[in-house]
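# An overview of the molecular structure
Letter by letter, the chains look like this.
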Amino acid sequence: MEIKIGDVLRYKKPACIKNMYEGGFLNFHFLTNSAESKRLQLEKGINPSAKIKSSSGELVRPAILISSSPNKKGSAETPWEDFYDVDNGHIRYFGDNKEPGKDPATALGNKALLEAFRLSHSHSIEERKLTPPILFFKRTVIDGIAKGFPQFHGLGIINSVELVTQWDNKLQRTFTNYAFDFTVLCIANEHEVFEWGWVNERRKVGFSLNMTNKMAPRSWRKWLTEGSNSLNKLRRRVSKLSLEKTENQKPIAGSDSDRVLNEIYSYYANKKHRFEALAEIIAARVIDNEHGIYQKGWVTQGSSDGGADFIGKVILGSGFSKVELIVLGQAKCEALNSPTGGNHIARTVARLKRGWLGVYVTTSYFSDSVQREVIEDKYPIILIHGRRVAEEVAKIVYESEGFGNVNDFLIAMDKDYPSRLKQRQAEEILNC
């Protein structure tokens, strides 16, 4: 059976395998049903299928299913927030340890992913063949209901693993865990259609790795041959000239992100120039998530900033291949329900010199006309809307041990603002 990235499935309890569709949605249990193996589940965040013996006698794990539940973010069950950017082939997912003092490598889900990481980065193609495909799902809200509707987000391979210390804001405690960065593979050659039969064939006792891999996406087979160094070129990338809808740039009314954005706007309402320091932090996180390295510079005096509210640089590559680009940033703490003015963006673009990069950070959103101008004229400027600002601030607070809430973080940013002011250096950069 086939499934496309973005398809929403129905995951009912108790499981029923009789009907292909339930309530108009493809039935997860029907899709994944295999008479020869235990049924697949999405009960946990990390759901490894049981290992079975292949035709060569090796014990192989057929697949690992990852399930993210944004509606549970900040709860005792899920005190962190996972990051899904499937259109750019990147998912950052936090493991399943939540116990202070426990070795996170012993948590069952983490243990399965660490094993998959070791296999996938082996220099031996025979070992790489034992790697389980990792399949991504994310719970979505349908008719106001968040449970029971997983959305398919593709398949991937673990790119890197990081041991992190996390803060549970609700329970006021720290714990160690793993953060897994996944490369979501491109399936453009399959016309964005994933053949689930490949997974089900891998779940049959005595299956042949070589035979079943003929059903795998081309990107998976290419990775098997070339190894982990090929992951970046096999990454899923969606080329879009389409515009981001207004509702996708603004938090859902009444959501946690909506509350955070309103708190940010209220905090800076009477000192909007100080929003610059926060905007630079957000810009750095956005750039770093896209595999650039942002190096902080400084913020400028609000009265005469010369078209730049903060200045930094992006470092691409390393050693002899390293390239450094000047970043000019504009920060606007604007009314949440009015689109940002195109004249502000034009002002930033006008100051850019060859090899420079612009960043525009707003608490508001970008109109269709502004987006169209940036896309069609190929302006080298990154647009960061209010929803992303709120989401990044929420992540900082949830991931940090030092901030009990959003207000604590904003106060810390405000205290740091005077030390970041360097008007003379800014003028030298802008006028060079």
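Nothing here was measured: the structure is a model prediction, and the numbers come from that model. (Residues numbered from 1 in each chain as written. Predicted model: local features only at pLDDT ≥ 70, side-chain atom pairs only at ≥ 80, totals over all residues. Heavy atoms only, no water.)

Now for the overall build of the protein chain. Along its length, the protein chain carries 15 helices and 19 strands. Residues counted as buried form 49% of the 432 residues belonging to the protein chain. When the accessible surface of the protein chain is split by element, carbon and sulfur atoms take 50% of a total near 20100 Å². (Helix = DSSP H or I, 4+ residues; strand = E, 2+ residues; numbered from the N terminus. Buried < 20%, exposed > 50% of the residue type's maximum accessible area, 1.4 Å probe, protein only. Areas by Shrake-Rupley, 256 points an atom, 1.4 Å probe, with all protein chains shown as cover.)

Time to look at the pairing of strand 19 (residues 381-384). As paired elements, strand 18 (residues 357-362) and strand 19 share 4 bridges and run parallel to each other. Across the sheet, V359 pairs through a bridge with I382, a residue of strand 19. On the question of chirality, the crossover connecting strand 18 to the parallel strand 19 by way of helix 12 (residues 368-376) is right-handed. (Pairing = 2+ DSSP bridges. Right-handed = clockwise from strand over helix to strand, strands pointing away.)

This paragraph deals with the environment of R61. By secondary structure assignment, the location of R61 is in the loop between strand 7 (59-60) and strand 8 (64-68). The spatial distance from the C-alpha of R61 to the C-alpha of P132 is 5.7 Å, given a sequence separation of 71 residues. Leave out the neighbours within four places in its chain, and R61 touches P48, S49, K51, A112, E115, P132 and R202. (Contact = heavy atoms within 4.5 Å.)

Moving on: the sheet that holds strand 3 (residues 21-22). Ordered in space as 2-4-3, the 3 strands form an open sheet in which the pairing is mixed. Each having just a single partner strand, strand 2 (9-10) and strand 3 make up the two edges of the open sheet. Direction of pairing for strand 2 relative to strand 4 (residues 25-27): parallel, over a ladder of 2 bridges. Bridge pairing in strand 4 places L9 opposite L26.

All right, on to the confidence of the model for the protein chain then. Looking at the protein chain, pLDDT values average 86 and 89% of them are 70 or higher. Every residue in residues 74-79 is under pLDDT 50, and counting partners more than four places away or in other chains gives 18 contacts. Here residues 426-430 scores under 50 on pLDDT; set against residues more than four positions off or in separate chains, the count is 14 contacts. (pLDDT = per-residue confidence, 0-100.)

Now for the packing of helix 10 (residues 275-289) against helix 13 (residues 386-399). In the contact formed by helix 10 and helix 13, the axes pass within 10 Å of each other and the chain directions differ by 85°. As the angle between them shows, helix 10 and helix 13 are arranged roughly perpendicular. Between helix 10 and helix 13, the contacting residues are L278, I281, I282, R285, V286 and N289 on the first element and R388, V389, E392, V393, K395, I396 and E399 on the second. (Axes fitted to C-alpha atoms, helices over the stretch in contact; angles between N-to-C directions. Parallel < 35°, antiparallel > 145°, perpendicular 65-115°, else oblique.)

As a further point, take the pattern of salt bridges. Under the defined criterion, the tally for this structure stands at 22 salt bridges. Residue E22 is joined to K12 by a salt bridge in which the shortest nitrogen-to-oxygen separation is 3.6 Å. On the criterion of sequence distance, the pair formed by E22 in strand 3 and K12 in the loop between strand 2 and strand 3 is long-range, its members being 10 residues apart. Residue classification places E22 among the buried residues on the basis of a relative accessible area of 12%. Classification of K12 by relative accessible area gives partly exposed; the value is 34%. Two residues, D414 and R274, come together in a salt bridge whose shortest N-O distance is 3.3 Å. Of the two residues, D414 sits in helix 14 (residues 406-420) while R274 sits in the loop between helix 9 (256-268) and helix 10, which places them 140 residues apart along the sequence. (Salt bridge = Lys/Arg side-chain N within 4 Å of Asp/Glu carboxyl O.)

Turning our eyes to something else, we now look at the packing of aromatic side chains. Here the structure, examined in full by the defined rule, presents 18 aromatic pairs. Between Y360 and F366, the ring centres sit 5.8 Å apart and the planes meet at 70°, which makes this aromatic pair edge-to-face. Given a relative accessible area of 0%, Y360 falls into the buried group. Through pairs of rings, three or more aromatic residues link up here, namely Y11, F28, F137, F152, F194, W196, W198, W220 and W223. (Phe/Tyr/Trp six-rings, centres within 6.5 Å; stacked < 30°, edge-to-face > 60°.)

Before going further, it helps to examine the nonpolar core. Formed by 45 residues in total, the largest nonpolar core has its most connected members in L135, F194 and W196. Those residues in contact with L135 that lie beyond four places of it in its chain are A63, I64, L65, I66, F152, G154, L155, F194, W196 and V199. C333, L357, V361 and A390 belong to the second largest nonpolar core, which has 34 residues in total. (Core = buried A, V, L, I, M, F, W, Y, C linked by side-chain atoms within 4.5 Å.)

Quick look at helix 2 (residues 108-120) now. Over its 13 residues, helix 2 runs 19 Å from end to end, which matches the ideal 18 Å to within 8%, given 1.5 Å per residue. What helix 2 keeps buried is the set G109, N110, A112, L113, A116, L119 and S120. (Expected span 1.5 Å × (residues − 1).)

Okay, the pairing of strand 17 (residues 323-332) next. For strand 16 (residues 310-316) and strand 17, the ladder comprises 7 bridges, and the chain directions are antiparallel. In the strand pairing of strand 17, F310 is matched with G329. A loop of 6 residues connects strand 16 with strand 17, the two strands running antiparallel in sequence, and G317 in this loop sits at a positive phi of about 75°. Pairing between strand 17 and strand 18: 6 bridges, direction parallel. Pairing of L328 across the sheet is with G358, part of strand 18. Handedness of the strand 17-helix 11 (residues 342-351)-strand 18 crossover: right-handed.

This brings us to the side chain of D181. Within the fold, D181 resides in strand 13 (residues 173-184). Engagement of the side chain of D181 in a polar contact is seen with the side chain of R92, the distance being 2.6 Å. Other than its neighbours up to four places away in sequence, D181 contacts H90, I91, R92, I157, I158, N159 and S160. (Polar contact = N/O pair within 3.5 Å; in protein donor to acceptor, adjacent residues only side chain to side chain.)

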